[in-house]
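Understanding the architecture of this molecule
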Number of protein chains: 2
Amino acid sequence: MNIVLLCVGKTQEAYLREGIREYERRLQHYISFKRIELPDIKNTGGLTIQQIKEKEGLLLLKNVGIQDCLVLFDENGTTYSSKQMSFQIEQHLSKGTKSLLFSIGGAYGFSPQVYERAQAKWSLSALTLPHQLVRLLCVEQIYRCFTIIRGEAYHHV
Amino acid sequence: MNIVLLCVGKTQEAYLREGIREYERRLQHYISFKRIELPDIKNTGGLTIQQIKEKEGLLLLKNVGIQDCLVLFDENGTTYSSKQMSFQIEQHLSKGTKSLLFSIGGAYGFSPQVYERAQAKWSLSALTLPHQLVRLLCVEQIYRCFTIIRGEAYHHV
């Protein structure tokens, strides 16, 4: 299985880039993982929030293949414990999902078209978090899920 | 009101220290905030997890005054949205709480004595997260709460 993390916009903060790279480095030992950061939508023409979300959504969906399973990280998604999340990923491994795409929206969230295409919505927290910080949480958690799947020791650290 | 964040052990990762400092810098505009990192318990004598937690707990409680309000960040705590969390903090501001202490435990969590002393347990996420990464989430979220209390624009970024 391939795992892809699709993000809207470049990761601005150097400290977040560093943390994300650290967990990606660890994750490579378990699974083929790729992070795609879509270009930011330049709001030079005074676009509305709705229009920005739609443009971001179209760009995002260009990176989703017909057979890909798309999971959105979304405040209103299903809340899982780390064990439950690892079980969800394990299910995809055992049913032969070829590409599992996780996506984190931009500052304003996803467009209706993206919600329509997605197979699932998962919530990392009931709190509103900066979408760029969510990337760090997300790679850490995918890494943690694989240590749980393999029965390794990281879970308590 | 003073806000204190009591953590068990030094923050190891440079990227986390950088992120934490960034939000602390922003937070200083709203409230008196101090982070205390307690020394790590050296496990040279082959202590059990229970013994480590108890030693950490005693050290932690030495930093809690009789009139301080102690809130633990704990996986089994109450789940709040950012707005609900900001409301909780606002309540402390209006009822005249002098010191609001937030605490993040070590790798194994809190000792029974710490749970007994605490006024409340709040959960940042149903997921298990590295306790050092939780520090970053925590300062970001306290900062966000103050932007919500002040009706400022950060909430959607």
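The model shown is predicted, which means the values in this text are computed figures rather than measured ones. (Residues numbered from 1 in each chain as written. Chains lettered and ligands numbered in written order. Predicted model: local features only at pLDDT ≥ 70, side-chain atom pairs only at ≥ 80, totals over all residues.)

1. Describing the nonpolar core
Among the nonpolar cores identified, the biggest contains 74 residues, and Phe102, Cys138 and Val139 of chain A together with Cys138 and Val139 of chain B are the most heavily contacted of them. Excluding anything up to four places from it in sequence, cysteine 138 of chain B contacts Leu5, Phe73, Phe102, Ile104 and Leu124 of chain B. (Core = buried A, V, L, I, M, F, W, Y, C linked by C-beta atoms within 7 Å. Buried ≥ 20, exposed ≤ 12 C-beta atoms within 10 Å, placed from the backbone. Contact = placed C-beta atoms within 7 Å.)

2. Here's the deal with the relation of the copies chain A and chain B
For these two chains of identical sequence, chain A goes onto chain B by a turn of 180° and a shift of 0.0 Å along the axis, with RMSD 0.0 Å. Given the turn and translation reported, the copies of this chain are related as if by a two-fold rotation axis. A high fraction, 100%, of the interface residues of chain A reappear at the interface in chain B, so the copies pair face to face through one surface. (Least-squares fit on C-alpha atoms with pLDDT ≥ 70 in both.)

3. Some words on the sheet that holds strand 1 (residues 2–8) of chain B
Residue and element names in this part refer to chain B. The strand order across the open sheet formed by five strands is 2-1-4-3-5, and the pairing between neighbours is parallel. In this open sheet, the two strands that pair with only one neighbour each are strand 2 (32–38) and strand 5 (120–123). Neighbour-to-neighbour, the strand axes of the sheet open up by a mean angle of 30°, direction not taken into account. (Pairing = 2+ DSSP bridges. Helix = DSSP H or I, 4+ residues; strand = E, 2+ residues; numbered from the N terminus. Axes fitted to C-alpha atoms, helices over the stretch in contact; angles between N-to-C directions.)

4. Topic: the interface of chain A and chain B
The figure often quoted for interface size is the accessible area lost as the parts come together. In this assembly, 24 residues from chain A lie in contact with 24 residues from chain B. When residues of the side of chain A that touches chain B are traced back to their parent elements, those giving at least two are helix 1 (14–27), helix 3 (82–95) and helix 5 (131–149) of chain A. In the side of chain A that touches chain B, the residues fall into 12 nonpolar, nine polar and three charged. (Nonpolar A, V, L, I, M, F, W, Y, C, P; charged D, E, K, R; others polar.)

5. Description of the environment of tyrosine 154 of chain B
Residues and elements named next belong to chain B. By secondary structure assignment, the location of tyrosine 154 is in the segment after helix 5 (131–149). Residue tyrosine 154 is classed as partly exposed on the basis of its 14 C-beta neighbours within 10 Å. For tyrosine 154 and methionine 1, which are 153 residues apart along the polypeptide, the C-alpha to C-alpha distance reads 22 Å. Discounting residues that sit within four places of it in the chain, tyrosine 154 has contacts with Arg144 and Thr147.

6. Points about the packing of helix 3 (residues 82–94) of chain B against helix 5 of chain B
Residues and elements named next belong to chain B. Look at helix 3 against helix 5: their axes get within 9 Å of each other, and the N-to-C directions meet at 80°. As the angle between them shows, helix 3 and helix 5 are arranged roughly perpendicular. Facing helix 3, whose interface residues are Ser82, Lys83, Met85, Ser86, Ile89 and Glu90, helix 5 presents Gln141, Arg144, Cys145, Ile148 and Ile149. (Parallel < 35°, antiparallel > 145°, perpendicular 65-115°, else oblique.)

7. Some points on helix 5 of chain B
Residue and element names in this part refer to chain B. Taking 1.5 Å per residue, 19 residues should reach 27 Å; helix 5 reaches 27 Å between its end C-alpha atoms and fits that length. Within helix 5, 15 of the 19 residues are buried, leaving the element largely enclosed by the surrounding structure. Two residues or fewer after helix 5 comes glycine 151, characterised by a positive phi angle close to 70°. (Expected span 1.5 Å × (residues − 1).)

8. With respect to the pairing of strand 4 (residues 99–104) of chain B
Residues and elements named next belong to chain B. Most of strand 4 sits inside the fold, with five of its six residues counted as buried. With six bridges connecting them, strand 1 and strand 4 associate as parallel partners. By the bridge assignment, isoleucine 3 is partnered in strand 4 with leucine 100. Strand direction decides the pairing type here: strand 3 (residues 69–79) and strand 4, joined by five bridges, are parallel. Following the sheet pairing, leucine 72 is matched in strand 4 by serine 103. Note that the unit made of strand 3, helix 3 and strand 4 has a crossover that is right-handed. (Right-handed = clockwise from strand over helix to strand, strands pointing away.)

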